[in-house]
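The lines below spell out each chain.
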Amino acid sequence: MLWGIDLGSRNVKIAVMREDESFSFYKFDTIGFYKKFGRMKDGQLTVDFTNLGLDREVRAINEKFAGDLSGPAYGINAPAKVVATGYGRQTVKLKGAENIVEIKAHVLGANFQTGLKDFTLLDLGGQDSKVVLVKGGRMADFQTNDKCAASTGRYLENMAAVLEIDLKELSRHRLDPVELTATCAIFGETELIGKIVEGYSISSLAAGVNYSIFKRLKPMLSKLLSQALVFTGGVAYNLAIREILKEELGVKVLVPDYPEFNGAIGCCIFGCRNV
Amino acid sequence: MPKVGITTTIPVEVVYAAGWQPVDLNNSFIASSNPRLLVEEAEMAGYPRNICAWIKGIYSTVRKDEQIKTLIAVTQGDCSNTHALMETLQLTGINVIPFAYPYDRDYDMLKLQIEKLMEAFGVNWQQVYEARQKLNKVREKVRKLDEMTWRSNLVSGWDNHFYQVCCSDFNGNPEEFNKRVEDFLKGSNETAPKQEKIRLGYIGVPPICDDLYAYLEERGARVVYNETQRQFTMPDSVGDFVEQYRKYTYPYGIFYRLADIEREIERRNIDGIIHYAQSFCFRQIEDLIIRERLSLPVLTLEGDMPNSLDARTRMRVDAYLEMLR
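Quick caveat, the model's predicted, so the values are computed rather than measured.

### Description of the overall build of chain A
Thinking step 1. Within chain A one finds 10 helices and 12 strands.
Thinking step 2. By residue count, 54% of the 275 residues in chain A fall in the buried class.
Thinking step 3. In chain A, the proportion of contacts linking residues at least 24 apart, taken out of those at least 6 apart, comes to 65%.
Thinking step 4. Per element, the accessible surface of chain A, about 12,300 Å² overall, is 50% carbon and sulfur.

What follows is the structure, encoded as structure tokens:
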């Protein structure tokens, strides 16, 4: 049994891969994960794998994604091999795991999930935006957000909270967007509040939030665009952003079955190929 | 020996000919015990947050060093923020001597600038040439060190950076610095060649974070070319003094710099280029020209405050090295 762990800024994602290439997926809140299961020892993060309680967690996940994920996870104890990646890779080194470069994990995951070898990968996570040009299955060039996280999931969460709607509702709107121009995500909230006062509909406001994500990504995407755009990360669940990407870029947009677990899947794929 | 602060490399021979001691304020700032504090102090004085940290660090360095009463400020060819830097320092009673590198590398304009500098320090051409002769002996050794970096692989990227960057002011004491270089060369000759598989070029201003070179080497990549730092050693130090500073690429246009960069990429067998740009610097715009002109993979890094590499930058460096492998 092979475990791929993506230590993200918002969530820790675990993909468990069986020998027949079937998967089970688990998701933990990052802070809760570290508090409950992690402990620093000699500068490395030691995770109590046996007490993760994946049997219990899987139920909660399945409920959240309405049966989207394969399961149930039976007989999971300590993993035979762990490959880890993610933002936490730099700050926290997972003990007993092979740690791989985040962008590599995402490229491997996208390649496995879509079967494509030539594509542009757009991964929008909790605090990261990554655009990677992949040619012949290999990373050819990449760009990431640097100083600012205003094009990521965390921004969407904050804006949805201001609008008092959930992420699912936010993702329904793309028509007639209000124009949001603030560079800073926090000032963006103030700007949005101003628009609420001006009387714009929730639909227009939500569309404006979704469109502002695209505007921030546009320079990165236009530099590394190819015929197929593979869209991953938690933000890929946002239907409006998928549509905006299709319309604005005029390319095929593919969202794999498990966009949020793409990095964790990539870790498993790396693990299989490097046994 | 009176001290004079310099905001970047200037014809330092003039200063030594006059018996003054030049202090490269960038080096003093970054090598100080707490560079971040110097940046904060400039912000307390009223410098905006969204201005390059080097300028702020230089401002506080001059304010703190009571021996620096005179400043040579490069007003063209380096950084336009220097204009306000020198004005804010003038306000505190510092005597400022402006120096401008002409954008088009015009010989007569550059000669005039050098002559004005000579006049300010009261020296003649003969004294300047004599000073150059002494400095060239040190430069020659540092150029040897550079060659040992890329040709015989005996020198690390950091040492290559450090010794070359010191050639802007020779640490204020060319004799002592010369001795230090000699000792280093001797030690390096006795070490085994380095084995890193990936050979990198570093272009742009020197980094504000000091652990980049070591981080790369831990991951099997070594910087074998430091563009700007190498220029500080005047690699084309030919007969005519004005010509020496015309051939010095850093203060002139990007296309002139690129010709030098392309030549060195070829000569040093480089696999990839790291283009470093300081946050809020106009040189960040030039990145698009560099990416278009260079045919090998370019990683653009942006540094803001003096510290070690942040997690995001490390992630990007890792991905870049993975791509080159």
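That covers the picture; the talk isn't over yet.
### A look at the environment of B:Pro11
All names here are of chain B.
Thinking step 1. With respect to the helices and strands, the residue Pro11 is situated in the loop between strand S1 (3-6) and helix H1 (12-17).
Thinking step 2. On the basis of relative accessibility, which here comes to 0%, the residue Pro11 falls in the buried class.
Thinking step 3. Residues Pro11 and Glu302, 291 residues apart in the sequence, show an inter-C-alpha distance of 29 Å.
Thinking step 4. Contacts of Pro11, omitting those with residues within four sequence positions, involve Phe99, Tyr101, Ile114, Leu117, Phe241 and Tyr245.

### Details of the sheet that holds strand S5 (residues 198-204) of chain B
Residues and elements named next belong to chain B.
Thinking step 1. Spatial strand order, S6-S5-S7-S8: 4 strands in an open sheet with parallel pairing. The two strands at the open ends of the sheet, each matched to only one other strand, are strand S6 (221-226) and strand S8 (298-303). Pairwise comparison of adjacent strand axes, ignoring direction, gives a mean angle of 30° for this sheet.
Thinking step 2. Lying over the sheet, helix H13 (residues 254-268) contacts S5, S6 and strand S7 (272-278), oriented at roughly 135° with respect to S6.

### Quick word on the domain arrangement of chain A
All names here are of chain A.
Thinking step 1. Here the domain parsing of chain A yields domain 1 (2-115 + 258-273) and domain 2 (141-254).
Thinking step 2. Counting residues at the interface gives 9 residues for domain 1, matched by 11 residues for domain 2.
Thinking step 3. On the domain 1 side of the interface with domain 2, the three residues burying the most area are Arg10, Ile103 and Pro259, jointly 55% of the side's total.
Thinking step 4. Where domain 1 touches domain 2, the interface holds 1 salt bridge.
Thinking step 5. Between Glu157 and Arg10 there is a salt bridge, and its shortest N-O distance comes to 3.0 Å.
Thinking step 6. The interface formed by domain 1 and domain 2 holds 2 residue pairs in polar contact (both at pLDDT 80 or more) in total.

### Looking at the packing of helix H8 (residues 157-165) of chain B against helix H9 (residues 174-189) of chain B
Geometry of a packed helix pair, given as the angle between the helix axes and the separation of the axes.
Residue and element names in this part refer to chain B.
Thinking step 1. It is the contact of H8 with H9, at a shortest axis distance of 11 Å, that shows an interaxial angle of 160°. The angle between H8 and H9 places the two elements in the roughly antiparallel class. Our pair here, H8 against H9, has a crossing hand that is left-handed. Contacts between H8 and H9 pair Asp159, Phe162 and Tyr163 from the former with Phe177, Arg180, Val181 and Phe184 from the latter.
Thinking step 2. Grouping the amino acids of the contact of H8 with H9 by side-chain chemistry returns 5 nonpolar, no polar and 2 charged.

### Notes on the sheet that holds S1(B)
Residue and element names in this part refer to chain B.
Thinking step 1. Strands sit in the order S2-S1-S3-S4 across an open sheet of 4 strands; the sheet is parallel. The sheet is open, and its two edges are formed by strand S2 (21-24) and strand S4 (95-100), each paired on a single side. Sheet twist, expressed as the average angle between the axes of neighbouring strands with direction ignored, equals 30°.
Thinking step 2. Relative to strand S3 (residues 68-76), S1 is paired through 4 bridges, and the arrangement is parallel. Looking at the pairing, Ile6 lines up with Ile72 of S3.

### Here we look at the interface of chain A and chain B
Thinking step 1. The interface of chain A with chain B comprises 20 residues on the first partner and 17 residues on the second.
Thinking step 2. A combined buried area of about 1,800 Å² lies between chain A and chain B, and 51% of that area is made up of carbon and sulfur atoms.
Thinking step 3. Scanning the region where chain A abuts chain B turns up 3 salt bridges.
Thinking step 4. Linking chain A with chain B are 5 residue pairs in polar contact (both at pLDDT 80 or more), by the criterion used here.
Thinking step 5. Elements supplying a minimum of two residues to the side of chain A that touches chain B: helix H3 (88-91), helix H4 (102-114) and strand S10 (138-144) of chain A.

### Concerning the pairing of strand S5 (residues 44-47) of chain A
Residues and elements named next belong to chain A.
Thinking step 1. Across 4 bridges, strand S4 (residues 38-41) lies against S5 in antiparallel orientation. The residue of S5 that forms the bridge with Arg39 is Thr46.
Thinking step 2. Here S4 folds back onto S5 in antiparallel fashion, the turn holding 2 residues, of which Asp42 has a positive phi close to 50°.

### Structural notes on the state of the cysteines
All names here are of chain B.
Thinking step 1. Under the defined criterion, the tally for this structure stands at 0 disulfides over all chains.
Thinking step 2. Cys166 takes part in no disulfide bond, and the closest cysteine sulfur to it belongs to Cys167, at a distance of 7.1 Å.
Thinking step 3. Left unpaired, Cys281 is separated from the closest cysteine sulfur, that of Cys79, by 6.3 Å.
Thinking step 4. Residue classification places Cys281 among the buried positions, given a relative accessible area of 18%.

Conventions we followed
Within every chain, residues take consecutive numbers counted from 1 along the sequence as written. Chains carry letters from A onward and ligands carry numbers from 1 onward, assigned in written order. Given that this is a predicted model, residues contribute local features only at a pLDDT of at least 70 and side-chain atom pairs are listed and counted only at 80 or more, while totals for whole chains, interfaces and linings are drawn from all residues. Computation of side-chain values covers all heavy atoms of the structure but excludes hydrogens and water. Numbered from the N terminus, helices here are DSSP runs of H or I no shorter than four residues, and strands are runs of E no shorter than two. Three exposure classes are used, based on accessible area relative to the maximum for each residue type with a 1.4 Å probe and protein chains only: buried under 20%, partly exposed in between, and exposed over 50%. Residues count as neighbours in contact if any of their non-hydrogen atoms are within 4.5 Å of one another. Computed by Shrake-Rupley with a 1.4 Å probe, the accessible areas treat only the displayed protein chains as cover when residues are assessed. The pairing criterion is simple: DSSP has to find at least two bridges between the two strands. Where helices are involved, their axes are fitted lines through C-alpha atoms of the stretch in contact, as for all axes, and angles between N-to-C directions lie from 0 to 180°. Start and end positions for the domains come from either an automated domain assignment or a database one. Here the buried area means the combined drop in accessible surface, using a 1.4 Å probe, for two parts upon being joined, counting both sides. Any carboxyl oxygen of Asp or Glu that lies within 4 Å of a side-chain nitrogen of Lys or Arg is treated as forming a salt bridge with it. The term polar contact refers here to a pair of N or O atoms within 3.5 Å; inside protein, the definition further demands a hydrogen-donor-capable atom paired with an acceptor-capable atom, and it admits residues adjacent in sequence only when both atoms are side-chain atoms. Orientation labels follow simple angle bins: below 35 degrees gives roughly parallel, above 145 gives roughly antiparallel, 65 to 115 gives roughly perpendicular, and whatever is left gives oblique. By definition, turning the near helix anticlockwise from the far helix through less than a right angle yields a left-handed crossing, and turning it clockwise yields a right-handed one. The residue classification treats Ala, Val, Leu, Ile, Met, Phe, Trp, Tyr, Cys and Pro as nonpolar and Asp, Glu, Lys and Arg as charged. All others, Gly included, are polar. What counts as a disulfide here is a pair of cysteine sulfur atoms lying within 2.5 Å.

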